[in-house]
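Notes for the structure review
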Amino acid sequence: MSTPTDPDKSCRLCPRLAAFLDEQRAACPDWFNAPVPSFGCPDARLLIVGLAPGKHGANRTGRPFTGDWAGDILYAMLDEFGFSEGRFDARPDDGLRLIDCMITNAVRCLPPKNKPISTEIRACSQHLERRIDELPNLRVIMALGRIAHDSVLIALDERRSAYPFAHGSRRHVARFTLFDSYHCSRYNTNTRRLTAEMFRKVFSEIRQELGES
Ligand code: SF4
């Protein structure tokens, strides 16, 4: 379900992405094919920021990280560290609830080849900024990958050169603690750039930062 902080379904601020979604709607009319709203708890202290909807994941189902490989890995970690309850079944109607956590994407529309361009990242950062502003209890932000990391810095109006992306880093940025992790994409996990142990370690530090659930 979208919230007032989510972009309007008809947002066309990024002409290339809007045209790409038009093509997807024609090809797969049963899919979500629109800016994907955030998912989670409005009182969340943790915000997880991904890159953009995956074609067969969020762009198909309409819920971030739902329906593809990256989501299977992310939701398993959320379960393990007490940030969710219920059974994740890769469907937006599986009844899963996030606890103290919200998930969003730096870019809300499906980009061709999973690669948004800089003007699109900057345009969509206004939605991320609003998302952050509208979480009154937010303390920790987890950025999945460099683009998500940079989008967070843009949204917080911080200099990117002062905080280069680094997997496993924990830094104070503005009034938040920012954790970086490589994105849990199929490519990163298959090539072992990100192993389950590496991902678990970042979650473990976030859990420590926020205290037990
Ligand atoms: S990526 Fe964001 S800003 Fe661009 S069209 Fe989609 S919702 Fe709008």
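Just above, that's the structure.
As a starting point, this report considers the structure included with it. (Residues numbered from 1 in each chain as written. Predicted model: local features only at pLDDT ≥ 70, side-chain atom pairs only at ≥ 80, totals over all residues. Heavy atoms only, no water.)

**Comments concerning the overall build of the chain**
Tallying secondary structure elements over the chain gives seven helices and eight strands in all. By principal-axis analysis of the C-alpha atoms, the chain measures approximately 45 × 40 × 35 Å. Buried residues in the chain amount to 53% of all 213 residues. Long-range pairs, those at least 24 residues apart, make up 69% of the contacts in the chain between residues at least 6 apart in sequence. Carbon and sulfur atoms make up 50% of the accessible area of the chain, which amounts to about 10,100 Å² in all. With 30 positive and 27 negative side-chain charges, the chain shows a spacing of 5 Å between the two charge centroids. (Helix = DSSP H or I, 4+ residues; strand = E, 2+ residues; numbered from the N terminus. Buried < 20%, exposed > 50% of the residue type's maximum accessible area, 1.4 Å probe, protein only. Contact = heavy atoms within 4.5 Å. Areas by Shrake-Rupley, 256 points an atom, 1.4 Å probe, with all protein chains shown as cover. Lys, Arg positive; Asp, Glu negative; His and termini not counted. Charge placed at Lys NZ, Arg CZ, Asp CG, Glu CD.)

**Focus on the site of the ligand**
In the region of the ligand, the neighbouring residues are Pro7, Cys11, Leu13, Cys14, Leu17, Pro35, Val107, Arg108, Cys109, Cys124 and His127. Among the residues making up the shell around the ligand, the classes are represented as nine nonpolar, one polar and one charged. (Near = heavy atom within 4 Å. Nonpolar A, V, L, I, M, F, W, Y, C, P; charged D, E, K, R; others polar.)

**Here we look at helix H1 (residues 15-27)**
With 13 residues, H1 extends 18 Å between its outermost C-alpha atoms, agreeing within 8% with the 18 Å of an ideal straight helix rising 1.5 Å per residue. Leu17, Ala18, Phe20, Leu21 and Gln24 are the residues of H1 that are buried. The arc that holds the buried residues of H1, viewed along the axis, is 160°, so those residues lie on one side. Away from its buried face by more than 90 degrees, H1 exposes Pro15, Glu23 and Ala26. Buried positions along H1 lie against helix H2 (58-61) and helix H4 (118-133). (Expected span 1.5 Å × (residues − 1). Arc of directions from axis to C-beta.)

**Things to note about the sheet that holds strand E2 (residues 46-50)**
Taking strand neighbours across the sheet as the criterion, the six strands line up as E1-E5-E2-E6-E8-E7 in an open arrangement whose pairing is mixed. Pairing within the sheet leaves two strands with one partner each, and these edge strands are strand E1 (39-40) and strand E7 (170-173). The sheet contact formed by E2 and strand E5 (residues 101-105) spans five bridges and is parallel. Paired with Ile48 across the strands is Ile103, a residue of E5. Strand contacts of H4: E2, E5, strand E6 (140-144) and strand E8 (176-181), with the helix running at about 165° to E2, the strand carrying the most contacts. (Pairing = 2+ DSSP bridges. Axes fitted to C-alpha atoms, helices over the stretch in contact; angles between N-to-C directions.)

**A short note on the pattern of salt bridges**
Enumeration over the complete set of coordinates arrives at 17 salt bridges. Of the charged contacts, one joins Arg91 and Asp93 as a salt bridge, the two residues approaching to 2.5 Å between their closest N and O atoms. The exposure class of Arg91 is partly exposed, given its relative accessible area of 36%. Asp93 sits in the exposed class, given a relative accessible area of 56%. Of the charged contacts, one joins Asp180 and Arg171 as a salt bridge, the two residues approaching to 3.1 Å between their closest N and O atoms. Under the relative-accessibility criterion, Asp180 is labelled buried at 0%. (Salt bridge = Lys/Arg side-chain N within 4 Å of Asp/Glu carboxyl O.)

**With respect to the side chain of His127**
Of note, His127 is situated in helix H4. Setting aside residues no more than four positions away along its own chain, His127 makes contact with Thr5, Pro7, Cys11 and Arg108.

**Considering the environment of Tyr182**
Considering the arrangement of structural elements, one finds Tyr182 in the loop between E8 and helix H6 (186-190). Residue classification places Tyr182 among the partly exposed positions, given a relative accessible area of 24%. Placed 17 residues apart in sequence, Tyr182 and Phe165 show a C-alpha to C-alpha distance of 9.3 Å. The contact partners of Tyr182, leaving out residues within four places of it in the chain, are Leu144, Gly145, Phe165, His167, Asn188, Arg193, Leu194, Met198 and Phe199.

Bear in mind that shape data such as this cannot, by itself, settle questions of function.
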